[in-house]
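Structural description and commentary
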Amino acid sequence: MQIHEDRQNGVVVVAPAGRVDSTSSAALEQHLLGLVHAGERRIVVDFAGVDYISSAGLRVMLALAKKTREMHGALALSALGDSVREVFGLAGFLPLFAIEASRDAAVARVAGP
């Protein structure tokens, strides 16, 4: 898995690419929680390049959501492919996240007024 990071309208966009599984989830967690601990409050995770997510990856997303809420930040997920969306749905996680079809829509949602 590779992790790309970009900034758009004051929002940090993190775009993992590949599989988010038990092997790669620790690196993603370290990257994402590192951003929150460094003071980032507006984060989008763009799943356009992710073709698979395991329960370990879901745990990372849940930890990020919790930390973001604790820090009074904003988090959105974007571009969930069918298989990734299905895993989120089966785990009952879809209602827990702001999910947008595109990166731009997610950035707009997180950037706020």
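Up top is the structure.
Every value quoted in this text rests on a predicted model; they were computed, and no experiment measured them.

1. Observations regarding helix 1 (residues 25-37)
Between its first and last C-alpha atoms helix 1 spans 18 Å; for 13 residues at 1.5 Å apiece the expected length is 18 Å, and the two agree. Taken as a whole, helix 1 has its buried residues at Ser25, Leu28, Glu29, Leu32, Leu33, Leu35 and Val36. Along the long axis of helix 1, the arc covered by the buried residues comes to 145°, so they all point the same way. Counted as exposed and oriented over 90 degrees from the buried face of helix 1: Gln30 and His37. The inward-facing, buried residues of helix 1 abut strand 1 (2-8), strand 2 (11-20), strand 3 (42-46) and helix 2 (55-70).

2. Section: the nonpolar core
In terms of nonpolar packing, the biggest core is built from 26 residues, with Val45, Phe47, Met61, Leu77, Phe88 and Phe97 touching the most fellow members. Elements with a contribution of two residues or more to this core: strand 2, helix 1, strand 3, strand 4 (49-53), helix 2, strand 5 (74-78) and helix 3 (82-90). Residues contacting Phe88, with those up to four places away along its chain left out, are Phe47, Ile53, Leu58, Met61, Leu77, Leu80, Phe93, Leu94 and Phe97. Within the second largest apolar cluster, 9 residues are counted, among which are Val13, Val44, Val107 and Ala111.

Rules used throughout
- Residues numbered from 1 in each chain as written.
- Predicted model: local features only at pLDDT ≥ 70, side-chain atom pairs only at ≥ 80, totals over all residues.
- Heavy atoms only, no water.
- Helix = DSSP H or I, 4+ residues; strand = E, 2+ residues; numbered from the N terminus.
- Expected span 1.5 Å × (residues − 1).
- Buried < 20%, exposed > 50% of the residue type's maximum accessible area, 1.4 Å probe, protein only.
- Arc of directions from axis to C-beta.
- Contact = heavy atoms within 4.5 Å.
- Core = buried A, V, L, I, M, F, W, Y, C linked by side-chain atoms within 4.5 Å.

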